[in-house]
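Listed here are the chains, written in short residue letters.
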Amino acid sequence: SVEASIPEPLREAWRKYSAVGFTNKEEFEKELVRHVETTLARSLYNCDDFSAYGGTALAFRDRLIIDWNKTQQRQTFADQKRVYYLSLEFLMGRALDNAMLNVGMKDVARDGLKDLGFCVEDVIDQEHDAALGNGGLGRLAACFLDSLATLNYPAWGYGLRYRYGIFKQEIVNGYQVEVPDYWLDFNPWEFPRHDVTVDVQFYGWVRKYQDENGKTCYSWQDGELVQAVAYDVPIPGYGTKSTNNLRLWSSKAASGEFDFQKFNAGEYESAVADQQRADTISAVLYPNDNLDRGKELRLKQQYFWCAASLYDIVRRFKKTKHSWKDFPDQVAIQLNDTHPTLAIVELQRILIDQEGLEWDEAWNIVTHTFGYTNHTVLPEALEKWSVPLFQNLLPRHLQIIYDINLFFLQSVEKKFPNDRDLLTRVSIIEESHPKMVRMAYLAIIGSHKVNGVAELHSDLLRTTLFKDFVTVYGADKFMNVTNGVTPRRWLHQANPRLSDLIASRLGGYHWLTDLTLLEKLESFVEDKAFRDEWAEVKTANKLRLAKHIKNTTGYSVNPKALFDIQVKRIHEYKRQQLNIFGVIHRYLTIKSLSPEERKKLVPRVSIIGGKAAPGYWMAKSIIHLINSVASVVNKDEEVGDLLKVIFVEDYNVSKAELICPASDISEHISTAGTEGSGTSNMKFVLNGGLIIGTCDGANIEITREIGEQNIFLFGNLAEDVEDLRHRHFYGGFKLDPDLAKVFDTIRSGVFGDPSEFNALISSITEHGDYYLVSDDFHSYITTHSIVDEAFQNKDEWIVKSITSVARMGFFSTDRVINEYAESIWNAEPLVVKD
Ligand code: F58
């Protein structure tokens with residue numbers, strides 16, 4: 001603040017000593033040793049890899065924070081629009097390697113560490129992943145932050161600082177076991193801001209009163225206060241000084257609330273219990289992916305985070321001295337799914353209850369500020385909160401929601417008189433028992449733009465889920481912004497060999513900030529030497545993964561085999577069951593062949609990884625089946641190298657960086673129409689792997705970009721899914737004969753107690769096969785044979801691989817962020833100079 005700033009005449013003295021951070025190897029070594037010896041209190045006699053990691057991280061952190069300070073100052077003075085990305089999940093993974101590469105100092109670090117007796121890769125490997133997310137949605141938020149900083153947008157992320165991130169997965173006797181992920185023991189990447197706090201209110205009641213002018217007003221009274229404390233994480237851009245901020249809120253008992261009265265009255269334990277109750281809010285990330293469970297603590301998390309973030313944003317806005325009507329020109333807030341929808345209601349509450357604006361003026365500001373991104377059409381994932389729960393926890397917000405709904409329904413009624421059904425369908429309140437608040441509808445009504453994450457997905461939103469809202473608002477409010485990934489982490493960092501090879505031909509790394517430049521690679525496709533080098537890179541990456549597999553599972557896999565990979569959250573709609581049934585089918589085929597015939601086969605390693613939500617039994621039994629099949633197949637000497645099955649334990653961001661560069665083929669095989677976009681499909685293709693996939697999510701646009709001849713598509717189309725499901729229920733279900741054999745084999749007990757897999761099988765044979773596993777099985781198996789055949793022509797395979805990478809420019813999050821900035825946020829970059 002102004003009061004705390006050093007007066008002008010003294011600033012020279014200050015500037016003389018301003019921190020600059022290291023700029024070369026010697027200075028890096030000096031900083032590293034200083035941090036190890038003083039910050040970490042270790043010495044050259046007890047500095048292990050972990051301490052070297054600590055020292056290196058702290059040295060890089062210093063650099064980041066210097067740039068961060070300058071960036072924030074410049075943004076404050078520039079007085080231009082800021083973007084706020086509200087996401088309950090930021091799946092950041094590791095920060096050190098990323099920081100090294102983004103500030104362009106990895107070689108300096110490598111050489112410096114070597115001088116001091118350390119290997120940079122081993123040091124990087126010490127870092128615990130920041131795993132504050134479940135899957136695609138959380139990782140997308142992390143990629144967005146990288147692009148926002150790289151493109152110099154003045155942007156902040158807001159999230160929760162969970163004490164426990166997504167659980168660590170262990171496989172015990174083939175079953176998933178969840179272990180808590182306590183990741184904060186040593187986290188050099190965050191800055192606690194104990195002076196940046198917000199008191200957040202819960203429960204209580206609403207007082208209605210008249211102000212001095214006789215206007216009816218409302219105020220939220222009493223209840224319980226919980227304090228939000230800010231923790232800031234610097235986000236470096238690639239090749240720029242811009243360093244943005246990710247602000248994560250941590251909860252604790254509000255200062256007045258650690259009840260000294262109770263304490264003095266001898267109720268020490270109960271005072272501590274209150275404190276713990278407050279701590280609980282930011283304690284743990286909910287581990288469900290694409291499932292809404294409606295738990296009160298989750299709603300508390302959502303409001304806690306929205307209220308703290310909004311308070312912070314409004315506080316920053318007020319310092320600019322702009323008038324309220326300018327708010328949407330100064331602030332754009334993007335809602336990552338419906339989880340932050342309460343921010344809409346909270347801003348309306350601040351404007352009318354605290355700032356005294358009239359309803360319409362306030363609502364106009366609110367709706368011009370927010371944009372909402374939807375990530376799924378699965379009905380079970382759509383958030384709804386029970387009205388009684390709301391009434392108790394957030395009584396004033398419920399009133400405001402009812403008012404928003406009333407005014408909205410009145411406007412609909414005016415436009416479409418006498419259509420009661422329409423009113424019931426679009427009402428924010430679902431008339432069930434108990435009544436429910438439909439968060440997606442509230443998000444649509446409170447935002448000026450709504451977007452899906454791939455073309456098919458956005459089309460489905462417009463024609464099914466949000467159809468009535470297209471009728472009400474017109475089609476322009478609903479748009480598509482196809483997802484992407486950051487090429488810095490997902491190519492440069494994950495696959496240094498490929499990045500260097502590309503740089504050797506394109507004359508440097510400028511394509512990392514304009515990914516469309518990769519198209520120049522196509523001119524090298526005819527170059528035999530280049531193709532050979534390309535193939536060598538893939539082999540080296542497969543060896544790197546094979547080594548990890550050996551170390552973690554004990555299984556040796558042949559790096560010459562076709563590596564077939566499916567890594568993502570385990571979910572019936574993503575159809576890992578289709579994959580493992582296909583593997584069993586392959587196993588049966590191998591067993592049925594003569595030794596001579598077997599020689600013609602292409603050896604395969606089927607690699608599957610991912611976490612199941614702890615309460616999702618079907619997903620857990622899929623994991624169990626994969627592991628059971630692995631333990632039989634991998635021991636079968638008749639099969640040998642022809643087939644190996646590997647379950648990768650505890651799939652996370654840092655493992656993805658190891659896995660994505662090592663695929664020959666990866667699987668993106670969701671039932672058509674169910675996957676919003678998918679982003680691992682992009683990561684794999686960008687790393688020179690081909691894909692087998694359904695016509696779903698972004699697979700369709702990947703096909704458009706890279707060409708049909710470079711992808712293996714199979715299965716029914718989205719437009720036919722409804723019909724097929726309908727037919728299953730009305731007498732038309734016929735189990736695919738090959739799949740029937742697979743089921744017979746499972747039932748025979750070859751893979752252990754078959755009763756464990758009853759539910760999995762009967763969901764297909766008896767309960768309607770909702771995900772069309774049987775319908776798509778034949779097409780899936782046939783397409784895998786085509787893959788085998790294609791893989792045998794090594795040269796053509798490499799041509800497909802190079803061509804695909806060359807055409808992936810569209811899938812950079814840089815393109816994505818520029819689209820959001822232009823068509824939703826109306827925000828401009830702000831370059832930070834030295
Ligand atoms: C994913 N959603 C989509 N949700 O499934 C995927 O197709 C898309 O590519 C990705 O978002 C990015 O747009 C997803 O990951 C979650 O994990 C939620 C977490 C919180 C509870 C509800 C699901």
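Residues numbered from 1 in each chain as written. Predicted model: local features only at pLDDT ≥ 70, side-chain atom pairs only at ≥ 80, totals over all residues. Heavy atoms only, no water.

**Student:** I'd like to hear about the UniProt feature "modified residue: N6-(pyridoxal phosphate)lysine" (unreviewed entry) in the protein chain, residue by residue, with values.
**Tutor:** On the UniProt side, "modified residue: N6-(pyridoxal phosphate)lysine" (unreviewed entry) is annotated at positions that read Lys683 here. As for its position among the elements, Lys683 is in helix H27 (residues 680–686). Relative accessible area serves as the criterion here: at 8%, Lys683 is assigned to the buried category. Residue contacts for Lys683: discarding those within four places in its chain leaves Arg139, Val485, Trp490 and Cys660. (UniProt positions renumbered as here; feature names shortened; annotations may be inferred. Helix = DSSP H or I, 4+ residues; strand = E, 2+ residues; numbered from the N terminus. Buried < 20%, exposed > 50% of the residue type's maximum accessible area, 1.4 Å probe, protein only. Contact = heavy atoms within 4.5 Å.)

**Student:** How would you sum up the packing of helix H10 (residues 296–319) against helix H12 (residues 342–354)? Please name residues and give values.
**Tutor:** Their axes nearest at 9 Å, the elements H10 and H12 cross at an angle of 50°. On the basis of their axis angle, the class for H10 and H12 is oblique. Handedness of the crossing formed by H10 with H12: right-handed. Taken together, the residues of H12 that come into contact with H10 (itself represented by Leu299, Gln302, Tyr303, Cys306, Ala307, Leu310 and Val314) are Leu342, Ala343, Glu346, Leu347, Arg349 and Ile350. (Axes fitted to C-alpha atoms, helices over the stretch in contact; angles between N-to-C directions. Parallel < 35°, antiparallel > 145°, perpendicular 65-115°, else oblique. Left-handed = near helix turned anticlockwise from the far one by under 90°.)

**Student:** I'd like to hear about the packing of aromatic side chains, residue by residue, with values.
**Tutor:** With the rule as written, the count across this model stands at 35 aromatic pairs. Pairing Trp359 with Phe407 gives two aromatic rings, centres 5.2 Å apart and planes at 65°, and the pair type is edge-to-face. One end of the pair, Trp359, is in helix H13 (residues 359–369); the other, Phe407, is in helix H15 (residues 395–415), with 48 residues separating them in the sequence. Since its relative accessible area comes to 15%, Trp359 is described here as buried. What links up through ring pairs into an aromatic cluster is the set Tyr84, Trp156, Tyr158 and Trp249. Sitting over the face of the ring of Phe22, Arg63 holds its NZ or CZ atom 5.6 Å from the ring centroid. (Phe/Tyr/Trp six-rings, centres within 6.5 Å; stacked < 30°, edge-to-face > 60°. Lys NZ or Arg CZ within 6 Å of the ring centre and 35° of its normal.)

**Student:** I'd like to hear about the sheet that holds strand E16 (residues 436–438), residue by residue, with values.
**Tutor:** One open sheet holds the three strands; their spatial order is E14-E16-E15, and the pairing between them is antiparallel. Each having just a single partner strand, strand E14 (384–386) and strand E15 (429–430) make up the two edges of the open sheet. With two bridges joining them, E15 and E16 adopt antiparallel strand pairing. For Glu430, the partnering residue across the bridge sits in E16 and is Met436. (Pairing = 2+ DSSP bridges.)

**Student:** Describe in detail the environment of Arg438, supporting the description with residues and values.
**Tutor:** You can see Arg438 is positioned in strand E16. Once the C-alpha coordinates of Arg438 and Gly237 are considered, the two residues, 201 residues apart in sequence, prove to be 37 Å apart. For Arg438, the residues in contact, after removing those within four places along its chain, are Glu383, Lys384, Thr424, Arg425, Val426, Ser427, Ile428, Ile429 and Glu430.

**Student:** Describe the pattern of salt bridges, and please don't skip the residues or the numbers.
**Tutor:** One pass over the structure, following the stated rule, counts 52 salt bridges. The salt bridge involving Arg488 is made with Asp146; its shortest N-O contact spans 3.1 Å. Separated by 342 residues along the polypeptide, Arg488 in helix H20 (residues 487–493) and Asp146 in helix H7 (residues 136–150) bring together distant segments of the chain. Exposure class is identical for Arg488 and Asp146. Each is buried. Here Glu224 makes a salt bridge to Arg277, at a shortest N to O gap of 3.3 Å. With Glu224 in strand E10 (residues 224–236) and Arg277 in helix H9 (residues 268–280), this residue pair connects regions lying 53 residues apart in the sequence. (Salt bridge = Lys/Arg side-chain N within 4 Å of Asp/Glu carboxyl O.)

**Student:** Run through the side chain of Asp312, naming residues and quoting values.
**Tutor:** Mapped onto the elements of the fold, Asp312 is located in helix H10. A polar atom in the side chain of Asp312 sits 2.8 Å from the side chain of Arg247. Each residue touching Asp312, except ones within four places of it in the same chain, is listed here: Trp156, Tyr158, Val196, Arg247 and Trp249. (Polar contact = N/O pair within 3.5 Å; in protein donor to acceptor, adjacent residues only side chain to side chain.)

**Student:** With reference to specific residues and values, describe a negative patch on the surface.
**Tutor:** On the surface, a cluster of negative charge is made up of Glu719, Asp720, Glu722 and Asp723. Mapped onto the fold, Glu719 is located in helix H29 (residues 718–729). (Patch = residues over 30% accessible without salt bridge, like charges linked within 9 Å, V, L, I, M, F, W, Y side chains within 5 Å. Areas by Shrake-Rupley, 256 points an atom, 1.4 Å probe, with all protein chains shown as cover. Lys, Arg positive; Asp, Glu negative; His and termini not counted. Charge placed at Lys NZ, Arg CZ, Asp CG, Glu CD.)

**Student:** An account of the state of the cysteines is requested, with residue identities and associated values reported.
**Tutor:** All told, the structure shown has zero disulfides when counted by the stated rule. Unpaired in terms of disulfides, Cys660 finds its nearest cysteine sulfur in Cys143, a separation of 11 Å. Given the relative accessible area of 1%, Cys660 is considered buried. (Disulfide = S-S within 2.5 Å.)

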